[in-house]
Amino acid sequence: MKNRNIILALVIPAVLSCAAAAPKVIAHRGYWDAPGSAENSIRSLVKADSIGCYGSEFDVWMTKDGQLVIHHDAAINGVSIEGNTADVVRREKLPNGETIPTLDEYLRAAQPLNIRLVLEMKPHDSRSREFAAVKKVLELVKQYGLEERTDYISFSPEAFRNFINLAPKGTKVYYLCKDYIPAQISFMGGAGIDYEMNNMRKHAEWIEQCHDLGLEVNIWTVSDPDNISWCIDHGADYITTNAPELVQKMIVNRPSDQLAAEEEAARKE
Ligand code: MG
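1. Details of the side chain of glutamate 120
Phase 1 of the analysis: Of note, glutamate 120 is situated in strand β6 (residues 116–121).
Phase 2 of the analysis: Leaving out residues up to four positions away in the same chain, glutamate 120 has contacts with Glu57, Phe58, Asp59, Val60, Ile153, Phe155 and Leu176.

And the structure:
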């Protein structure tokens, strides 16, 4: 018992220093591992909502003729999205049989759901095309009345800056590439960092730096128990994952010591 008390005395202050509310779960490219689903499909959005995920992440490209579609890679089944018109791109199917969705279809499907949208703008071939894509995204999100339910992320520093400048005040925009430290993100007006798991393990101090600056921390793509535990223990605000149900279970079952530390931290806020 004495040893346990000594361990708790050592561990609780360390946990308290980064204790916050439990992380929120974001399904990476939707809940694509569910029956009948596929990455970036409408079904993956609906399934992520059905299990109570906080958010569903998805990727946006603009076709040659200016239509916005949802897909991760620059090409679908070998057909370049930026290099072809929408009527050509839209002949392509996802592995679950769905036609590659347009952003319009995706937002329409999202409207009656509760889930938050985490929209990733892919870096486009030219800055002017990417700028046009950002403007079209913002117009469409507004048209569907989803401005308060949509966050933006990008590896493109230009898209990051453009969303900050053009989206309504209070919109959350996160940067995906590790080349900006938290102070730079804060200076630019970003809501926080959305960085890869291994980079965050190398820079755990960024989490506290972000929180001190009023920024949030999202970590991707966190799908195995060891990394999920690390994110929970280190106070990540969001976990972007390919295994949303596992993350949800691990958050619910997190150690009682940590729950106590979180409650204590919440009391002090
Ligand atoms: Mg993505």
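Structure shown, so let's carry the discussion forward.
2. Some remarks on unusual backbone geometry
Phase 1 of the analysis: Despite not being glycine, arginine 29 shows a phi value in the positive range, around 60 degrees.
Phase 2 of the analysis: Take arginine 29: it is sitting in the loop between β1 (24–27) and α2 (42–50).
Phase 3 of the analysis: The residue asparagine 77 is not glycine, and still its phi comes out positive at about 50 degrees.
Phase 4 of the analysis: Checked against the element boundaries, asparagine 77 lands in the loop between β4 (75–76) and β5 (79–80).

3. Quick notes on helix α12 (residues 256–268)
Spacing of three or four residues puts side chains on the same side of an α-helix, whose turn is 3.6 residues.
Phase 1 of the analysis: Given a rise of 1.5 Å per residue, 13 residues ought to cover 18 Å, and the 19 Å separating the end C-alpha atoms of α12 matches this to within 8%.
Phase 2 of the analysis: Turning to α12, its buried residues are Gln258, Ala261, Glu262 and Ala265. Buried residues of α12 fall within an arc of 100 degrees about the axis and therefore sit on the same side. Of the residues in α12, the exposed ones pointing more than 90 degrees away from the buried face are Ser256, Glu263 and Arg267.

4. Concerning the coordination of the magnesium ion
Phase 1 of the analysis: Of the protein atoms, only Glu57 (OE), Asp59 (OD) and Glu120 (OE) coordinate the magnesium ion, at distances of 2.0 to 2.1 Å.
Phase 2 of the analysis: In primary sequence terms, the donor set of the magnesium ion follows E-x1-D-x60-E. Note that glutamate 57 is positioned in strand β2 (residues 55–62) and glutamate 120 in strand β6, a separation of 63 residues in sequence.
Phase 3 of the analysis: With a relative accessible area of 4%, glutamate 57 lands in the buried category.

5. Digging into the packing of aromatic side chains
Phase 1 of the analysis: This model, assessed by the stated rule, comprises 8 aromatic pairs.
Phase 2 of the analysis: Measuring from centroid to centroid gives 5.8 Å for phenylalanine 155 and tryptophan 220, while their planes differ by 80 degrees, and the two rings are edge-to-face. Taken together, the residues span a long stretch of sequence, with phenylalanine 155 in the loop between β7 (150–154) and α6 (157–166) and tryptophan 220 in strand β10 (residues 216–220) at a distance of 65 residues.
Phase 3 of the analysis: Judged by relative accessible area, phenylalanine 155 falls into the partly exposed class, the value being 32%.
Phase 4 of the analysis: An aromatic cluster is present here, built from Tyr54, Tyr174 and Tyr238 joined pairwise through their rings.
Phase 5 of the analysis: Directly above the aromatic system of tyrosine 54 lies the positively charged group of lysine 24, at a separation of 5.6 Å from the ring centroid.

6. Regarding the confidence of the model for the chain
Phase 1 of the analysis: Residues at a pLDDT of 70 or more form 93% of the chain, whose mean pLDDT is 92.
Phase 2 of the analysis: Note that pLDDT drops below 50 for residues 1–18; the model gives that stretch 11 contacts with residues more than four away or on any other chain.

7. What to know about α2
Phase 1 of the analysis: Among all positions of α2, only Ile42, Ser44, Leu45, Ala48 and Asp49 are buried. Buried residues of α2, viewed axially, fall in a sector of 165 degrees; they line one side.
Phase 2 of the analysis: Close packing links the buried residues of α2 with β1, β2, α4 (103–110) and β6.
Phase 3 of the analysis: Immediately downstream of α2, the backbone of glycine 52 shows phi near 80 degrees, a positive value.

8. A word on empty space enclosed by the protein
Phase 1 of the analysis: Following the criterion strictly, the structure yields 2 cavities of 30 Å³ or more and no others.
Phase 2 of the analysis: Considering only enclosed or pocket space, the second largest cavity measures out at about 40 Å³ in volume.
Phase 3 of the analysis: Lining the second largest cavity are Ile26, Tyr54, Val118, Asp151, Ile153, Tyr174, Asn218 and Tyr238.
Phase 4 of the analysis: Among the residues forming the lining of the second largest cavity, the class breakdown is 6 nonpolar, 1 polar and 1 charged.

Reading guide: rules and limits
Residues numbered from 1 in each chain as written. Predicted model: local features only at pLDDT ≥ 70, side-chain atom pairs only at ≥ 80, totals over all residues. Heavy atoms only, no water. Helix = DSSP H or I, 4+ residues; strand = E, 2+ residues; numbered from the N terminus. Contact = heavy atoms within 4.5 Å. Expected span 1.5 Å × (residues − 1). Buried < 20%, exposed > 50% of the residue type's maximum accessible area, 1.4 Å probe, protein only. Arc of directions from axis to C-beta. Donors = N, O, S within 2.8 Å, 3.2 Å for Na, K, Ca; no water. Phe/Tyr/Trp six-rings, centres within 6.5 Å; stacked < 30°, edge-to-face > 60°. Lys NZ or Arg CZ within 6 Å of the ring centre and 35° of its normal. pLDDT = per-residue confidence, 0-100. 1 Å grid on protein atoms, 1.4 Å probe; cavity = no way out; pocket = protein on both sides within 12 Å on 5 of 7 lines; lining within 4 Å. Points joined across faces, edges and corners; volume = space filled by probe spheres on them. Nonpolar A, V, L, I, M, F, W, Y, C, P; charged D, E, K, R; others polar.

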